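Survey of secondary and tertiary structure
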Amino acid sequence: MQPPDSNLPAPDSNPTPDSPSNPPIVPASVFESASPPSNAAIPPPLPVANTESYPPSLQPLLPPPTPAPSIPQVVPGIFSHRIARWRWLMSLILIGFYPVFVSLLGPLRPESAPGGPALPTSVDGLIRFSALELGVFGLFWALGWAFSRATKDELMLRWRGGIMPILQGFGYAFLLRMVLVFVIIFMVVLAVITMGLDQKQIEQFIKQNQPQTDSLFSQSALANPLYLLAMTTILSFVVAGLREELWRNACLAALRHLFPDSWSDRARWICSIALSSVVFGLGHIYQGGLGVVFTSILGAGLGAVTWRHRSIWPAVFAHGFIDATSFLAAAAMAGKKIPVTAFWWGG
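Residues numbered from 1 in each chain as written. Predicted model: local features only at pLDDT ≥ 70, side-chain atom pairs only at ≥ 80, totals over all residues. Heavy atoms only, no water.

Comments concerning the packing of aromatic side chains
Enumeration over the complete set of coordinates arrives at 11 aromatic pairs. With centroids separated by 5.6 Å and ring planes inclined at 45°, the aromatic side chains of Trp159 and Trp313 adopt a geometry described as tilted. Pair noted here: Trp159 is in the loop between α3 (123-148) and α4 (164-195) and Trp313 is in helix α9 (residues 313-332), with a separation of 154 residues, a long-range link. On the accessibility criterion, Trp159 (41% relative accessible area) is partly exposed. On the numbers, 6.4 Å between centres and 55° between planes, the contact of Phe237 with Phe317 is tilted. Highlighted residues: Phe237 in helix α6 (residues 225-258) and Phe317 in helix α9, separated in sequence by 80 residues. (Phe/Tyr/Trp six-rings, centres within 6.5 Å; stacked < 30°, edge-to-face > 60°. Helix = DSSP H or I, 4+ residues; strand = E, 2+ residues; numbered from the N terminus. Buried < 20%, exposed > 50% of the residue type's maximum accessible area, 1.4 Å probe, protein only.)

This is the structure we're talking about:
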């Protein structure tokens with residue numbers, strides 16, 4: 001027996017399992033990588049059974065689909081943002097009260113005199129009057145908007161189509177004029193058929209119920225070119241067109257939100273236009289009975305224009321063109337015997 005090699009360490013007299021000189025014996029398979037080698041073949045995925053090819057009696061039993069959470073349906077153009085109804089009611093009261101406030105403010109207007117026209121007869125007075133009207137309306141409109149916080153789409157304030165709103169406004173002004181002419185002809189024919197009125201009686205009836213334009217403006221003041229320019233621009237398109245259409249569409253937005261949720265968008269629009277048109281006509285009661293009827297029809301037409309285009313601007317320009325042509329006609333008839341009320345049905 002050969003002696004142990006002196007270069008090798010002496011064996012441990014008390015070996016322990018954890019001794020570094022005696023590491024535990026581990027199977028070689030433990031040190032193998034868990035991932036398959038790169039060149040190993042990956043089995044293809046199991047084919048998915050085509051349940052449509054099964055007969056109904058052998059269809060696999062699948063759990064029913066989980067229903068999506070119920071979300072309240074939003075009607076486009078009406079409830080694009082939810083606001084409490086009491087806020088819309090306050091907005092309607094504030095903005096809708098404006099015509100009443102203006103009628104109460106009438107005697108305090110500059111240059112107004114008992115029995116005289118409501119509009120000032122000088123250029124400076126007309127500009128001050130326009131600024132006062134716009135300022136008071138802006139205050140009421142801002143307070144009403146502070147309650148409703150209506151969006152630009154709810155108030156139909158988006159400009160659509162480049163120059164088209166101006167051209168559309170001119171076309172609608174002519175169309176609404178024609179509608180009023182046909183209404184007058186229909187009323188005359190109806191009066192002749194049902195009441196047996198002759199031509200003289202019809203003329204007398206129209207004269208008694210025609211718009212009292214003398215209470216609105218002085219026809220002689222239109223002879224001043226600067227005054228006529230201010231009437232056909234600032235007063236027609238800004239004070240009348242823009243201000244009254246902003247009033248109308250603020251009322252339309254509030255009314256559409258105050259009607260029951262079960263109503264359709266069409267029903268909301270029709271009822272809102274009808275109610276606002278009646279109020280618009282009553283605001284022109286100084287023009288007489290026929291003036292109330294015709295301005296109500298005009299208001300309904302302008303509301304329908306806004307509904308058609310989902311924009312306020314074609315109605316603004318239509319309103320402005322109607323009033324501007326009425327003032328131009330009044331100026332042309334100033335030195336003649338033709339009564340201006342024969343053409344005046346402005347709003």
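Here the narrative resumes.
Notes on the pattern of salt bridges
Tallied over the full model, the rule gives 7 salt bridges. Arg85 is the salt-bridge partner of Asp261, the closest N and O atoms lying 2.6 Å from each other. Remark: Arg85 occurs in helix α1 (residues 85-96) and Asp261 occurs in the loop between α6 and α7 (265-282); sequence separation between them is 176 residues. In this structure Arg85 comes out as partly exposed when scored by relative accessible area, which is 36%. Between Asp261 and Arg268 there is a salt bridge, with its nearest N and O atoms 3.9 Å apart. Residue classification places Asp261 among the partly exposed positions, given a relative accessible area of 44%. Here the salt bridges share partners, and the residues they tie into one network are Arg85, Asp261 and Arg268. (Salt bridge = Lys/Arg side-chain N within 4 Å of Asp/Glu carboxyl O.)

Points about the nonpolar core
Ranked by internal contacts, the top residues of the largest apolar core, which has 21 residues, are Trp88 and Trp247. Looking at this core, the elements with two or more residues in it are α1, α3 and α6. With 7 residues, the top contributor of residues to this core is α6. Apart from residues no more than four positions distant in its own chain, Trp88 is found in contact with Ile83, Ser148, Ala150, Glu154, Ala253, Ala254, His257 and Leu258. With 15 residues, the next largest nonpolar core counts Phe217, Met231, Phe327 and Ala330 among its residues. (Core = buried A, V, L, I, M, F, W, Y, C linked by side-chain atoms within 4.5 Å. Contact = heavy atoms within 4.5 Å.)

Examining the side chain of Arg248
Relative to the helices and strands, Arg248 resides in helix α6. Leaving out residues up to four positions away in the same chain, Arg248 has contacts with Ser276, Phe280, Gly299, Leu302, Gly303 and His319.

Side note on a nonpolar patch on the surface
The grouping of Phe174, Met178, Val181, Phe182, Ile185, Val189, Val192 and Ile193 at the surface amounts to a nonpolar patch, some 760 Å² of accessible area in total. Along the chain, Phe182 falls in helix α4. Phe182 gets classed as exposed once you look at its relative accessible area, which sits at 57%. (Patch = residues over 30% accessible without salt bridge, like charges linked within 9 Å, V, L, I, M, F, W, Y side chains within 5 Å. Areas by Shrake-Rupley, 256 points an atom, 1.4 Å probe, with all protein chains shown as cover.)

What to know about the packing of α3 against α6
Direction vectors running N to C along α3 and α6 enclose 10°, while the axes themselves pass 10 Å from each other. The angle between the axes of α3 and α6 places the two elements in the roughly parallel class. Counted together, Val123, Leu126, Phe129, Ser130, Glu133, Leu134, Phe137 and Trp141 of α3 and Leu226, Tyr227, Ala230, Met231, Ile234, Leu235, Val238, Val239, Arg243, Leu246, Trp247 and Ala250 of α6 form the full contact between these two elements. Taken together, the residues of the contact of α3 with α6 sort by class into 17 nonpolar, 1 polar and 2 charged. (Axes fitted to C-alpha atoms, helices over the stretch in contact; angles between N-to-C directions. Parallel < 35°, antiparallel > 145°, perpendicular 65-115°, else oblique. Nonpolar A, V, L, I, M, F, W, Y, C, P; charged D, E, K, R; others polar.)

Examining the confidence of the model for the chain
The predicted structure's coordinates, where accompanied by low pLDDT, should not be read in detail. Here the chain shows a mean pLDDT of 76. Residues at 70 or above account for 64%. The lowest-confidence element of the chain is helix α2 (residues 98-105), averaging 68 in pLDDT; the highest-confidence one is α6, averaging 93. Confidence over residues 28-33 falls short of pLDDT 50; this stretch has 1 contact with residues more than four positions distant or in other chains. The low-confidence segment residues 337-344, where pLDDT is below 50, has 22 contacts with residues more than four positions distant or belonging to other chains. (pLDDT = per-residue confidence, 0-100.)

Re unusual backbone geometry
The backbone of Arg149 shows a phi angle near 50°, a positive value even though the residue is not glycine. Along the chain, Arg149 falls in the loop between α3 and α4. Residue Arg149 is classed as partly exposed on the basis of its relative accessible area of 41%. Despite not being glycine, Met156 shows a phi value in the positive range, around 55°. Turning to its location among the elements, Met156 is positioned in the loop between α3 and α4.

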